[in-house]
Amino acid sequence: MTDADKILPELTKISFTKTDLLRRIRILREYLEGKFFAGNKLTFGNFLKKSKCTQEDLRALSKLSNKFLGSFTKSNVYSLVSELVKRSESADSIHVYLPKQFPERDIFKLENWFKQNLGESTLIEIEVDPNLVLGFSFAINGVHHDFSYKYFWQKNRQDINKIVDDYVGKKNQ
Amino acid sequence: MINPLTLQYLLFALILIVLVLSAVIIYLLRNEDYKSKEPGSKEKIIKKAEQASDTIIERAVTRAQQILSSAQLKRISFLSTEKQIGRQITDLYRRDIEKLEAELREQFEKNTLSADKTYQEFISSVEKKIQDSLDKNRKTIEEKASVFIDSAATSLTEFTSELEKNIKNQIESEMKKTRMEIEEYKTQREKIIDEKIIDILEEVFRKTIDKKLTLSDQSDFVYQALEEAKNSHAFR
């Protein structure tokens, strides 16, 4: 098992999307470059507080342990970061399509649902598709799955047909 | 009997002889006169010769006239006889012709009657034969036509019956097929109408639900769908 194999799952645990993951690797690289090559003596927590990262990034990256940070040395920092970026870019993610733009708290809640139900290393990409009307759809491994209103409609089609048949039957009597 | 034309030739020859003899006598007398050389005797001799020649010529003319008269009489007699004979021949000939004509007419009438009779008999025979032939042919035709008509009527009846049966079968088959097609069409149309109704309902639902749902409702549907997807193992 390489260092990248150990480090990447830690980063994906704290990231919901591939974009989050790549952005957080970039923040981490800035900190490590400062520490190893610019003589920066700041702790990682203080670096995050001083940097312009979002509260979400701050909260997520604060979860990383000192042991995790100790995996990086002056000699392996560039090669390890490059490997992390490379693997993150090629990592599998689930494209999730929602019918509307939800507020951030709802998105966070949704991302947590994926982490809790499909595993902590799950990465998702959220996009908006108004044609879905309700529910959601997603694409995984190149296969699209529709759980929008069409899914619910088809699921209840027999009941709908029965209602229509009953109505037509009554009308013809 | 001498031909009158021959008599005329003889008379003409006699006159010529007399004239030649007269001319010879005159010549001999003149020639004798020159020899005598006597003027008185010469005139006497000429006078005597003239007298003699006149007598001779007169006699010759008289005789010639007699001969001519006799010849004319003969000729007249001959012509009269000849005319009479010709008339007799003509009469005889006419009588023969009339007789022959009568005979020919009689024969012709006989032949005509015979030919007419024969022709009538022939016509009657031919008429009878034609009538017999016509009767026979008519009878044959009637018999054959009767057989043919009976046969045709039977065939036509059978054909009509068969045709009627075939048409009936075809119509029944077509009717059955048409009924099936109508039922199928009806079912198809009903299915299409049902589909359309559902499609219309779906469209109405889509348009109305899109406006009516709140964010909370939307969120509930998303989580319900997520659970459905998880339970159906769609994420694997």
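Residues numbered from 1 in each chain as written. Chains lettered and ligands numbered in written order. Predicted model: local features only at pLDDT ≥ 70, side-chain atom pairs only at ≥ 80, totals over all residues. Heavy atoms only, no water.

This part takes up the overall build of chain A. Across its full length, chain A holds nine helices and four strands. A total of 173 residues make up chain A; the buried ones form 42% of that total. The contacts of chain A with a sequence gap of at least 6 include a subset with a gap of at least 24, amounting to 68%. For chain A, the computed accessible surface area is about 10100 Å², with 50% contributed by carbon and sulfur atoms. (Helix = DSSP H or I, 4+ residues; strand = E, 2+ residues; numbered from the N terminus. Buried < 20%, exposed > 50% of the residue type's maximum accessible area, 1.4 Å probe, protein only. Contact = heavy atoms within 4.5 Å. Areas by Shrake-Rupley, 256 points an atom, 1.4 Å probe, with all protein chains shown as cover.)

This part is about the pairing of strand 1 (residues 94-98) of chain A. Residues and elements named next belong to chain A. By the alternation rule, side chains of strand 1 split into I94, V96 and L98, which are all buried, and H95 and Y97, of which none is buried. Taken together, strand 1, helix 7 (residues 104-118) and strand 2 (residues 124-128) form a β-α-β motif whose crossover is right-handed. Across three bridges, strand 1 lies against strand 3 (residues 135-140) in antiparallel orientation. Bridging across to strand 3, Y97 finds its partner in S137. (Right-handed = clockwise from strand over helix to strand, strands pointing away. Pairing = 2+ DSSP bridges.)

As a further point, take the confidence of the model for chain B. Residue and element names in this part refer to chain B. Confidence in the prediction for chain B averages 85 pLDDT; 94% of positions are at 70 or higher. Predicted confidence in chain B is weakest over helix 1 (residues 4-36), with a mean pLDDT of 78, and strongest over helix 3 (residues 215-231), with 90. Per the prediction output, this complex has pTM 0.50; the corresponding ipTM is 0.80. (pLDDT = per-residue confidence, 0-100.)

Here we take up the side chain of A:E111. Residues and elements named next belong to chain A. Residue placement: E111 occurs in helix 7. For the buried E111, no salt bridge is present, and the opposite-charge side chain at shortest range is R24, 7.3 Å distant. With residues up to four places along the chain from it excluded, the contact list for E111 reads F16, T17, I124 and I126. (Lys, Arg positive; Asp, Glu negative; His and termini not counted. Salt bridge = Lys/Arg side-chain N within 4 Å of Asp/Glu carboxyl O.)

Okay, the nonpolar core next. Residues and elements named next belong to chain A. Judged by nonpolar contacts, the single largest core of 28 residues is most densely connected at L11 and F72. Those elements giving two or more residues to this core turn out to be helix 1 (3-13), helix 2 (18-37), helix 3 (44-50), helix 4 (55-61), helix 5 (66-70) and helix 6 (77-90). With seven residues, the top contributor of residues to this core is helix 2. In contact with L11, other than residues within four places in its own chain, are L21, I25, L28, L64, F68 and L84. (Core = buried A, V, L, I, M, F, W, Y, C linked by side-chain atoms within 4.5 Å.)

With that settled, the discussion passes to the sheet that holds strand 3 of chain A. The four strands lie next to each other as 2-1-3-4 (chain A), forming an open sheet whose pairing is mixed. This sheet does not close on itself; its edge strands, each paired only once, are strand 2 and strand 4 (143-148) of chain A. If you compare each strand with its neighbour and ignore which way they point, the axes differ by 20 degrees on average. Contacts from helix 3 of chain B reach strand 1, strand 3 and strand 4 of chain A, with the element oriented near 40 degrees to strand 3 of chain A. (Axes fitted to C-alpha atoms, helices over the stretch in contact; angles between N-to-C directions.)

Before going further, it helps to examine the interface of chain B and chain A. Contacts between chain B and chain A engage 27 residues on the former and 33 residues on the latter. Between chain B and chain A, a total of about 2800 Å² is buried, with carbon and sulfur atoms accounting for 70% of that surface. Of all residues in chain B, B:I198, B:Y223 and B:F235 give up the largest surface area on contact with chain A, accounting jointly for 22% of the area buried on that side. Remark: the boundary between chain B and chain A carries one salt bridge. (Buried area = accessible area lost by both parts, 1.4 Å probe.)

Let's shift gears to helix 1 of chain A. Residues and elements named next belong to chain A. Inspection of helix 1 places A4, I7, L8, L11 and T12 among the buried residues, and these make up the whole buried set. Buried residues along helix 1 cover an arc of 135 degrees about the axis, so they all sit on one side. Looking at the packing, one finds that the buried side of helix 1 touches helix 2, helix 5, helix 6 and helix 7. (Arc of directions from axis to C-beta.)

On to the confidence of the model for chain A. Looking at chain A as a whole, the pLDDT averages 90, with 97% of positions reaching at least 70. Predicted confidence in chain A is weakest over helix 9 (residues 157-172) of chain A, with a mean pLDDT of 78, and strongest over strand 1 of chain A, with 95.

What follows deals with the pairing of strand 4 of chain A. Bridge analysis of strand 3 of chain A against strand 4 of chain A gives six bridges, and the strand direction is antiparallel. Across the sheet, residue A:F136 finds its bridge partner in strand 4 of chain A, namely A:F147.

As a further point, take the packing of aromatic side chains. Across all of its chains, the model carries 15 aromatic pairs over all chains by this definition. Measuring from ring centre to ring centre gives 6.2 Å for A:W113 and B:F235, while their planes differ by 55 degrees; the resulting arrangement is tilted. Linking A:W113 in helix 7 with B:F235 in the segment after helix 3, this pair reaches from one chain into another. As far as the burial class goes, A:W113 and B:F235 line up, both buried. (Phe/Tyr/Trp six-rings, centres within 6.5 Å; stacked < 30°, edge-to-face > 60°.)

This part takes up the packing of helix 2 of chain A against helix 6 of chain A. All names here are of chain A. As a packed pair, helix 2 and helix 6 sit with axes 10 Å apart at the nearest point and diverge in direction by 175 degrees. Relative to helix 6, the element helix 2 lies roughly antiparallel. Here K18, L21, L22, I25, R29, L32, E33, F36 and F37 of helix 2 lie close against helix 6, whose contacting residues are V77, Y78, V81, L84, V85, S88 and E89. Partitioning the contact of helix 2 with helix 6 into residue classes produces 11 nonpolar, one polar and four charged. (Parallel < 35°, antiparallel > 145°, perpendicular 65-115°, else oblique. Nonpolar A, V, L, I, M, F, W, Y, C, P; charged D, E, K, R; others polar.)

With that settled, consider helix 6 of chain A. Residue and element names in this part refer to chain A. Over its 14 residues, helix 6 runs 20 Å from end to end, which matches the ideal 20 Å to within 8%, given 1.5 Å per residue. Inspection of helix 6 places V77, L80, V81, L84 and S88 among the buried residues, and these make up the whole buried set. For helix 6, the angular spread of the buried residues around the axis is 95 degrees, confining them to a single face. In this structure, helix 6 carries K86, E89 and S90 as exposed residues pointing more than 90 degrees from its buried face. Buried positions along helix 6 lie against helix 1 and helix 2. (Expected span 1.5 Å × (residues − 1).)

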